[in-house]
Amino acid sequence: IVDLVKGVLVLERQNFPDTRRAAAFAIFKLLEGLDSMKDNAAINNIPGELKDILELLNNTVALDNDEVVVQHCLNALELVDSMMKKMLQPKQKKELKVSLFLDRL
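Every chain is numbered independently, its residues counted from 1 as its sequence is written. Predicted model: local features are reported for residues with pLDDT of at least 70 only, side-chain atom pairs are reported and counted for 80 or more only, and whole-chain, interface and lining totals are derived from all residues. Side-chain metrics in this entry use all non-hydrogen atoms of the structure; hydrogen atoms and water are not considered.

**Points about the overall build of the protein chain**
- Helix numbering and strand numbering both begin at the N terminus, where a helix is a DSSP run of H or I of at least 4 residues and a strand a DSSP run of E of at least 2. Looking only at helices and strands, one finds 5 helices and 0 strands in the protein chain.
- Each helix and strand of the protein chain, placed in order from N terminus to C terminus, yields the pattern α-α-α-α-α.
- To sort residues, take the accessible area from a 1.4 Å probe on protein chains only and compare it with the maximum for the residue type: under 20% means buried, over 50% means exposed, and anything in between is partly exposed. Split into buried and exposed, the 105 residues of the protein chain put 30% on the buried side.
- The contact criterion used throughout is that any non-hydrogen atoms of two residues lie within 4.5 Å. In the protein chain, the proportion of contacts linking residues at least 24 apart, taken out of those at least 6 apart, comes to 61%.

**Overview of the pattern of salt bridges**
- By convention in these notes, a salt bridge is any Lys or Arg side-chain nitrogen within 4 Å of a carboxyl oxygen on Asp or Glu. Applying the stated criterion across every chain, the model contains 5 salt bridges.
- One salt bridge connects aspartate 66 with arginine 21, and the closest N-O pair in it is separated by 2.8 Å. Remark: arginine 21 occurs in helix 2 (residues 17–35) and aspartate 66 occurs in the loop between helix 4 (47–63) and helix 5 (67–88); sequence separation between them is 45 residues.
- Taken together, the shared-partner salt bridges in this structure form one network comprising Arg20, Arg21, Asp64 and Asp66.

**Some remarks on the nonpolar core**
- If you look at the biggest cluster of nonpolar residues, it comprises 20 residues, and the most contacted ones within it are Val5, Leu9, Ile27, Leu31, Ile53 and Leu57.
- Breaking this core down by element, the ones donating at least two residues are helix 1 (2–11), helix 2, helix 4 and helix 5.
- By residue number, the principal contributor to this core is helix 5, which donates 7 residues.
- Residues within four places of isoleucine 27 in sequence aside, it is in contact with Val2, Val5, Ile53 and Leu57. Grouping buried Ala, Val, Leu, Ile, Met, Phe, Trp, Tyr and Cys residues that are joined through side-chain atoms within 4.5 Å yields what is termed a nonpolar core.

**Notes on the packing of aromatic side chains**
- Under the pairing criterion, centres of Phe, Tyr and Trp rings, with the six-membered ring standing for Trp, must be within 6.5 Å; the plane angle then separates stacked pairs below 30 degrees from edge-to-face pairs above 60, leaving the rest tilted. A complete count under the given rule lists 1 aromatic pair for this structure.
- Ring geometry for phenylalanine 25 against phenylalanine 28: centres 6.3 Å apart, planes inclined by 45 degrees, an arrangement best described as tilted. Taken together, the residues phenylalanine 25 and phenylalanine 28, both in helix 2 and 3 residues apart, mark about one turn of the helix.
- For phenylalanine 25, a relative accessible area of 37% translates into the label partly exposed.
- On the basis of relative accessible area, phenylalanine 28 is assigned to the buried category, the value being 15%.

**Focus: helix 1**
- Looking only at helix 1, the buried set comprises Val2, Val5, Val8 and Leu9. The buried residues of helix 1 occupy an angular sector of 130 degrees when projected down its axis, which confines them to one face. Of the residues in helix 1, the exposed ones pointing more than 90 degrees away from the buried face are Asp3, Leu4 and Leu11. Think of the arc as the fan of directions from the helix axis to the C-beta atoms.

Below is the structure:
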């Protein structure tokens, strides 16, 4: 999927705006689906492609003239940022300690 999206966004920069919009939205939805996986499985599933995805999104934001395509790419970049922060922050366990003062009775 990433290669197809890359082909559309890179090779079709001047033509077919609806196709480019759909490709940018598809990469966003792909990342959104991966983000919904538990235990940072998203990053673990795409480590090799993550660099390519980030490069593609950043280049598209910098070079594309279509504001809809750019917005989809910005949304995807924000999502990747959020995914990385979740992965790097350790989960905090919440504990509730209850103590009974039975010895006072």
